[in-house]
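# Reading the structure
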Amino acid sequence: MDATRKIPSLHYLNNGHGLASWLLTKDHKRIAVLYLITVSIFFFLGGLMAVGIRLELTTPEGDFVTADTYNKMFTLHGVIMVFFFLIPSIPAVLGNFLIPIMIGAKDLAFPKINLLSYYIYAVGGIFVLSAIAMGGVDTGWTFYTPYSSAASNTNVVPTALGIFITGFSSILTGLNFIVTIHRMRAPGMTWFRLPLFIWAHYAVSLIQVLGTPVIAITVLMLFVERAFGFGIFDPARGGDPVLFQHLFWFYSHPAVYIMILPALGVMSELIANFSRKKIFGYSFVAFSSLAIAVFGFIVWAHHMFVSGISVYAAMVFSFLSFSVAIPSAVKVFNWTATLYKGSISFDTPMLYAYGFLGLFAIGGLTGLFLATLGTDIHLHDTYFVVAHFHYIMVGGAIMGYLGGLHFWWPKMFGRMYSEFFSRISAILVFVGFNLTFFPQFVVGYIGMPRRYHAYPDEFQVLNVMSSAGASVLGLGYLLPAFYFLYSLKKGEVAGPNPWGASGLEWEVPSPPPTENFAVTPRVTSEPYEFTPRVAREVELV
Amino acid sequence: MSLFGIPIFPEQASSFAMDVDMLYFFIVAVSAFFSLLIAVLVIVFGIKFRRKRVNEVGARIEGNLPMELMWSVIPTVIAMVMFGWGASVFYHLRRAPDESMQIYAVGKQWMWKFQHLEGQREINELHVPMGRPIKITVTSEDVLHSLFFPAFRTKIDAIPGRYTELWFEATKPGTYHIFCAEYCGTNHSGMIGSVHVLEPAAYQSWLAGGSEGSLADRGGALFNQLACNTCHLDTGQGRGPSLNNIWGKPVELSDGSTVVVDEAYVRESILNSQAKVVRGFQPLMPTFQGLISEEGLVSLIEYIRSLSPASTPAATGAQGATGAQGAPPAGTTKPGMDR
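Anyway, here's the lowdown on the structure attached to this text. (Residues numbered from 1 in each chain as written. Chains lettered and ligands numbered in written order. Predicted model: local features only at pLDDT ≥ 70, side-chain atom pairs only at ≥ 80, totals over all residues. Heavy atoms only, no water.)

### Digging into the layout of surface pockets
All names here are of chain B. When its volume is computed, the second largest pocket comes out at roughly 840 Å³. What lines the second largest pocket is a set of 30 residues, among which Arg94, Ala96, Lys135, Glu165 and Glu263 lie closest to the centre. Of the residues contributing to the lining of the second largest pocket, the split by class is 12 nonpolar, nine polar and nine charged. (1 Å grid on protein atoms, 1.4 Å probe; cavity = no way out; pocket = protein on both sides within 12 Å on 5 of 7 lines; lining within 4 Å. Points joined across faces, edges and corners; volume = space filled by probe spheres on them. Nonpolar A, V, L, I, M, F, W, Y, C, P; charged D, E, K, R; others polar.)

### Quick notes on the sheet that holds strand E6 (residues 125-129) of chain B
Residues and elements named next belong to chain B. Taken together, the five strands give an open sheet; going across it, the order is E6-E12-E11-E8-E9, and neighbouring strands pair in mixed fashion. Single-partner strands in this sheet number two, and they are E6 and strand E9 (154-158). Strand-to-strand, the axes of this sheet are offset by a mean angle of 25 degrees, without reference to chain direction. For strand E8 (residues 145-149) and strand E11 (residues 174-180), the ladder comprises two bridges, and the chain directions are antiparallel. By the bridge assignment for E11, Leu147 is matched with Cys180. (Pairing = 2+ DSSP bridges. Helix = DSSP H or I, 4+ residues; strand = E, 2+ residues; numbered from the N terminus. Axes fitted to C-alpha atoms, helices over the stretch in contact; angles between N-to-C directions.)

### Describing the packing of helix H7 (residues 196-228) of chain A against helix H8 (residues 241-274) of chain A
Pairs of packed helices are described in terms of their axes, by the angle between the two and the distance that separates them. Residues and elements named next belong to chain A. The contact between H7 and H8 brings their axes to 8 Å, and the two run at 160 degrees. Relative to H8, the element H7 lies roughly antiparallel. Every pair of crossing elements has a handedness; the one defined by H7 and H8 is left-handed. Its residues assigned to classes, the contact of H7 with H8 shows 21 nonpolar, eight polar and one charged. (Parallel < 35°, antiparallel > 145°, perpendicular 65-115°, else oblique. Left-handed = near helix turned anticlockwise from the far one by under 90°.)

### A closer look at empty space enclosed by the protein
Residue and element names in this part refer to chain A. Taken as a whole and judged by the stated rule, the model has seven cavities of 30 Å³ or more. Computed from the structure, the second largest cavity encloses a volume of approximately 100 Å³. In terms of lining residues, the second largest cavity is bounded by Tyr35, Phe83, Ile87, Pro88, Pro91, Ala92, Tyr121, Thr166, Ser169, Ser170, Thr173 and Gln208. Counting residues per element, the ones that place at least two in the lining of the second largest cavity are helix H3 (67-103) and helix H6 (156-183). For the lining of the second largest cavity, the element with the most residues is H3, which contributes five residues. Considering only residue class, the lining of the second largest cavity consists of seven nonpolar, five polar and no charged.

### So, the pattern of salt bridges
Inspection of every chain in the model, using the stated rule, returns 19 salt bridges over all chains. Taken together, the salt bridges that share partners define one network made up of Lys278, Glu526 and Glu529 of chain A together with Arg60 and Glu62 of chain B. (Salt bridge = Lys/Arg side-chain N within 4 Å of Asp/Glu carboxyl O.)

In structure tokens form, the structure reads like this:
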């Protein structure tokens, strides 16, 4: 590395000191850092629950914790990871930090609303933490009625309210991104010059704005039924329990794409930049994001093939579910083709990108078993489903998040992390992940249902394999916490563009100044232009 | 089936287990092919096009329309094959043959209760004959459950207030798991049991032991006990319509619409008697919501079905399904009133 590189004297991190300058900041980059800290705490909490789950499942008897404790652990693992880690992770941290810089803007369209989003998210999180403090909740993250509304005697109400509140953070962030992408692009930054990261976030924002109100009203109805005894979902009070599933999945299936689409956007950046090559079929990759967002809304009932819906409804939803597989496949093929005749380097972010490709391919392909009616009847609610969605939501979304964090970390904090340890961690995550979740496909097909505290003996071998893998995976997730923190003070100075990457964010200093650009940039070229000297032409006006 | 002591494949014990497994292997093959294809390509490209100089850049390639079409169309075609094949297996799985033997299952926290037409009642155990299609009508008396037979490759949710059904034809004698697959609270993982598939002769001798009167008999007793018989006279001259020979037939309602008499209609008419009143009768019947257990309802349904001899499902054995013996079975709690 170049020894003459210096951290700029004034940048967003040191422009203002003291707690208030952080807690009341309107700078999208500082808000991104607030989110980074908060989602990391939630990730750690959710991870602790996973440790408890895997410990319990090493023996068939259910002898580590009681059944009630186990049920609370997997519920909180799901609630925290889905609503408080995965949904905000990439958009609220990386999206917040990068969207304005990538399009040449000084901030998001509504900086105050951005800060408000953060606090709404935090308040929702406090509700869930208080539910844990009061003894937890045991309904599963899916809150199926009438168990959640009439039978469970745990803290369903604060948890549901926490999710209801946090939803508004998601809606406001989505709105902010949509307006920003429409209105704040620098001169010359046309739609087809946008980095694919932006396209992915645009698609995600649409889902957040359109889908989140549905989960909000659903959990509100659950709250009303539970707190005031209205009969909405509970058949004993004249309600319909299956209605809840329709409403829940109408949001929660698209929510899977809220979690994975940003990771797909990160992937396009990583693949293009670490092969120094234009993304193959830019417009196909861009529009496949929108296609996933649209199709994602019409496949929800594939979660309900055994819930008594009619044979013909099941067939329609099975057919539609395959439609969402195609744009995902198109993306994977385009990334693979991008590598052809590239100039590929295996820095840590690219190791994550390669890992992502493998895990996302397996996650996507195993979705076919569940979209196919004949096999889903057997696989529904077994560990096969658990393995499938972890391949997408952990293998996909978290690999994307970590890959992105390793890619943009030097931009965010101006310093490099340990290359050696980061490579070790990328490899541990990939290997540990497969050891943990691949056996679950097998144990699912031989029939082990999910959410089982104790299980018949013949499932033990595969569960022990899974728990052993989880310890490797856990180590892989812990390592970055250490070398990232270490890098903040001791890391090598990165300079504006340590990777030789292309994109406006690599034109500004690292860390960027509060206003991002001293002068508004004028964009004159396509994205992902790589020339041997300069990554990209930017005329400064 | 296991490999090096690791179980990798479940027992195949139903007539359609093989169909499901063939479909499964087809998708495994497709998935393995595409996973390997991607893996080989990215590894080969990663080695072959590895960066050689610090300032090296990749070739300028924008894209290629024929290739985009190829990798959109081929997966679409494969997906349509999966859809069609999957839908046909599913249709078969969901349509119980007409000659199926009827069993009722009620899920409750945290047990499975089974009732045979011949009167046997079991908890977390189910005895079935090999080689006969068996239809299980399922409901729940509290929260959602899901009746899952991994060895038969089928499951269905148990939904309170509603009847769902699944069927299978067991092909191999033995004992297999019954699981609850839908999370239902504290002891969800304890809501498991065993299904015993017996040779027909062994099943007959199992049936012969310990019957306490048929399910329809119990329904008949409950029918009298609840004084249904004071209004639903055989003659049709009572305050309620005669229940003879109505099963599976349409009846006209007071609002002019018609409804076919089936499990759901009988259940609704007992629990919410004013919902669909038969034309020509006054809405006088009291509602029995909360007064009859799920098992009691099932027995009433079977009793009413037995009053239509032509539509009685092919029950095993010669035991009468006509409710001839009206007395409640001795030595048990009153059927249907055990809440």
